[in-house]
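# Structural characterization, general
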Amino acid sequence: SLEPPVLKPGYWAEPALPPDEFGRSNFSGNDIWRCVSKFTCIGGGECIAGRFGRACGLCKPGTYGPPEGGCSPCSHSPSGTRSLFGLGCVLATPLCLLAHAWLDRLTRQDLANGRLVPVTVSLGQLSKFLQVLGIISAFRVEWPEDVRAFFKRGADVSTGAGSSLGAACLAAEQTVALE
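Structure report, in brief. These figures come from a predicted structure and were not determined experimentally.

## Let's talk about the overall build of the chain
- A tally of regular secondary structure across the chain gives 4 helices and 8 strands.
- Going residue by residue from the N terminus, the α and β elements of the chain occur as β-β-β-β-β-β-β-β-α-α-α-α.
- Within the chain, the proportion of its 179 residues that are buried is 21%.
- By sequence separation, contacts in the chain at least 24 residues apart represent 43% of the contacts at least 6 residues apart.
- As displayed, the chain has an accessible area near 13000 Å², and 64% of this comes from carbon and sulfur atoms.

## Topic: the side chain of S37
- Mapping S37 onto the fold places it in the loop between β2 (32-34) and β3 (41-43).
- Overall, S37 belongs to the buried group, its relative accessible area being 10%.
- Setting aside chain neighbours within four positions, we find S37 in contact with G10 and E68.

## Quick word on a nonpolar patch on the surface
- Residues V119, L123, L126, F129 and L130 make up a contiguous nonpolar surface patch of roughly 500 Å² in combined accessible area.
- Along the chain, L123 falls in helix α3 (residues 117-137).
- Given the relative accessible area of 55%, L123 is considered exposed.

## Structural notes on the nonpolar core
- Listed in full, the 6 residues of the largest apolar core are W12, C35, C41, C47, A55 and C56.
- Excluding residues within four positions of it along the chain, C35 makes contact with G10, Y11, W12, T40, C41 and A55.

## Observations regarding the state of the cysteines
- What the rule picks out here adds up to 3 disulfides.
- Residue pairing for C35: its cysteine sulfur links by disulfide to C41, the two sulfurs lying 1.8 Å apart. An S-S torsion of about -90° defines the bridge between C35 and C41 as left-handed.
- Assessed through its relative accessible area of 5%, C35 is described here as buried.
- Assessed through its relative accessible area of 0%, C41 is described here as buried.
- C47 shares a disulfide with C56; S-S distance 2.0 Å.

## Section: the pattern of salt bridges
- Within this structure, the stated rule accounts for 1 salt bridge.
- Put simply, E145 and R148 hold a salt bridge, and the shortest N to O gap is 3.2 Å. Taken as a pair, E145 and R148 lie in helix α4 (residues 145-159) at a separation of 3 residues, close to a single helical turn.
- For R148, a relative accessible area of 38% gives the class partly exposed.

## Examining the environment of C71
- Looking at the element boundaries, C71 is found in the loop between β7 (63-64) and β8 (72-73).
- Sequence-wise, C71 and P61 are 10 residues apart; in three dimensions their C-alpha atoms are separated by 10.0 Å.
- For C71, the residues in contact, after removing those within four places along its chain, are A49, G50, R51, C59, T63, Y64 and G65.

## Thoughts on unusual backbone geometry
- Phi at A55 is positive, roughly 55°, even though this residue is not glycine.
- Position of A55 among the secondary structure elements: in the loop between β5 (51-52) and β6 (58-59).
- A residue is classified by how much of its surface remains accessible, and A55, at 5% relative accessible area, is buried.
- One non-glycine residue, C56, lies in the positive phi region at around 55°.
- In this fold, C56 is placed in the loop between β5 and β6.
- Here C56 falls in the buried class, since its relative accessible area comes to 1%.

Here is what the cut-offs are and how they apply
- Residues numbered from 1 in each chain as written.
- Predicted model: local features only at pLDDT ≥ 70, side-chain atom pairs only at ≥ 80, totals over all residues.
- Heavy atoms only, no water.
- Helix = DSSP H or I, 4+ residues; strand = E, 2+ residues; numbered from the N terminus.
- Buried < 20%, exposed > 50% of the residue type's maximum accessible area, 1.4 Å probe, protein only.
- Contact = heavy atoms within 4.5 Å.
- Areas by Shrake-Rupley, 256 points an atom, 1.4 Å probe, with all protein chains shown as cover.
- Patch = residues over 30% accessible without salt bridge, like charges linked within 9 Å, V, L, I, M, F, W, Y side chains within 5 Å.
- Salt bridge = Lys/Arg side-chain N within 4 Å of Asp/Glu carboxyl O.
- Core = buried A, V, L, I, M, F, W, Y, C linked by side-chain atoms within 4.5 Å.
- Disulfide = S-S within 2.5 Å.

Here it is, written out as structure tokens:
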């Protein structure tokens, strides 16, 4: 058939070209994209409310959301979000300086006695554990609801997608797109 395929939820394609002079639809040359989730691309090439772009991969300006769901309005304007982000950086600077001063006070004897080894090993193991959890959460497995909620909270924290103070609300317009 020369008609474009009917797209199931979870798939997206650019709209078909206008019919030719004989009234036939021309779908040649268009690509069908698999969306991150069947909840973002709801079928027929349509995106869930608040999303747009190739494979429904972007939230509309002034909104944010995780890749596998809808978008919510940012609670602040982009300039307000940038101001809050800047304030957070200013407040975090003294904490970083205090941590640096504390670490600087450690003598070579403390390091030689091995007093910091348990702390550094524990932090290294925690970092590896969180990385493994992030990888496991990306597996396409039907996880129980509690496990999915745990993975979602972890993704929200690591990407800032669960917060209107996240990166998507820092700019007036998103510029990342699938190519």
